[in-house]
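What follows is the residue order along each chain.
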Amino acid sequence: MPRSYIHEARKRVGPKRARIRPIIERLAVEHQDAAIALEFTRPLELLVSVMLSAQTTDVNVNRVTEKLFAKYRRPEDYLAVPQEELERDIYATGFYRQKARSLRGTMQILIEEFDGEVPRTLPELLRLPGVARKTANVVAAELGHPQGIVVDTHVRRLSQRLGLTKQEDPVKIERDLMKLVPREDWGRFPHLLIWHGRRVCDARRPRCEDCVVNDLCPSSRV
Ligand code: SF4
């Protein structure tokens, strides 16, 4: 897209600080069901699900964890079986060797340092093997303590299209969003963008004509 066109479009929709609240409010009405698609009932299950969700779909993870969580209920259970057995039990999520290693390493630390509980702060979560910033952010947010903003492929694409960031790197995008999005919305904001990305603002064919924020979006094609 020519630079002059982008500049014109940005001028047309106005500054991002003035647009962020209406964007959040409208998306919240449009996607009232926007929530994490992983199925879990306890913090440990949440952590395991998010760790397994790397490089695969949430549907796939839910299929695997339905049986997994009936068999592995406490951190100790993941260490009580041979690594190969755990690998077989999570095989369908892909990268099963690496994921099994990370799970067992994580369980060891949970037992030794956190009384078997899932910690709530980002620095603590980031000490667990296989837990990178995105995983830590998802877990903290779902446990009711968002300390950052989850940036996945949808959040990245929509933030750029909506003119909320010019960055490419997820860490820098998150930094931009944390300055812009009101703190009380850090938890739900990524869900709203993820669901809007899945349903309307498709990567290849965004349906701008059906988009509730098209008048606030510098990338709108209508
Ligand atoms: S107007 Fe188009 S590009 Fe902008 S958020 Fe909506 S669907 Fe995406």
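Residues numbered from 1 in each chain as written. Predicted model: local features only at pLDDT ≥ 70, side-chain atom pairs only at ≥ 80, totals over all residues. Heavy atoms only, no water.

**A look at the site of the ligand**
In the vicinity of the ligand, the residues found are Arg161, Leu162, Cys201, Pro206, Cys208, Cys211, Asn214, Cys217 and Ser220. Residues of the shell around the ligand, tallied by class, amount to 6 nonpolar, 2 polar and 1 charged. (Near = heavy atom within 4 Å. Nonpolar A, V, L, I, M, F, W, Y, C, P; charged D, E, K, R; others polar.)

**Examining helix α10 (residues 153–161)**
Three or four residues apart is the spacing at which side chains of an α-helix point the same way, because the helix has 3.6 residues per turn. Residues of α10 that are buried include every one of His154, Val155, Arg157, Leu158, Ser159 and Arg161, and no others. On the buried face of α10, the contacting elements are α11 (170–180) and α12 (188–199). Two to three positions downstream of the cap, the backbone nitrogen of His154 sits 3.0 Å from a side-chain oxygen, assigning the N-cap of α10 to Asp152. (Buried < 20%, exposed > 50% of the residue type's maximum accessible area, 1.4 Å probe, protein only. Helix = DSSP H or I, 4+ residues; strand = E, 2+ residues; numbered from the N terminus. Contact = heavy atoms within 4.5 Å. Polar contact = N/O pair within 3.5 Å; in protein donor to acceptor, adjacent residues only side chain to side chain.)

**Focus: the packing of aromatic side chains**
Geometry of an aromatic ring pair is reported as the spacing of the ring centres plus the angle between the planes. Within the structure shown, the criterion is met by 2 aromatic pairs. Measuring from ring centre to ring centre gives 4.8 Å for Tyr91 and Tyr96, while their planes differ by 50°; the resulting arrangement is tilted. A relative accessible area of 51% places Tyr91 in the exposed class. Its end group placed over the ring of Trp195, Arg198 keeps NZ or CZ at 4.9 Å from the ring centre. (Phe/Tyr/Trp six-rings, centres within 6.5 Å; stacked < 30°, edge-to-face > 60°. Lys NZ or Arg CZ within 6 Å of the ring centre and 35° of its normal.)

**Some thoughts on the pattern of salt bridges**
Tallying each qualifying case throughout the model produces 15 salt bridges. A salt bridge links Lys11 to Glu8, with the shortest nitrogen-to-oxygen separation between them at 3.8 Å. With Lys11 and Glu8 both in helix α1 (residues 3–13) and 3 residues apart, this pair spans about one turn of that helix. Of the residues examined, Lys11 reaches a relative accessible area of 57% and is grouped as exposed. When the shortest N-O distance is used, the salt bridge between Asp58 and Arg198 registers 3.8 Å. A residue pair is termed long-range when its members are at least 10 positions apart, and Asp58 in helix α4 (residues 58–71) and Arg198 in helix α12 qualify at 140 residues. With relative accessibility at 41%, the residue Arg198 sits in the partly exposed group. If you follow the salt bridges from partner to partner, you end up with Lys71, Glu85 and Asp89 in one network. (Salt bridge = Lys/Arg side-chain N within 4 Å of Asp/Glu carboxyl O.)

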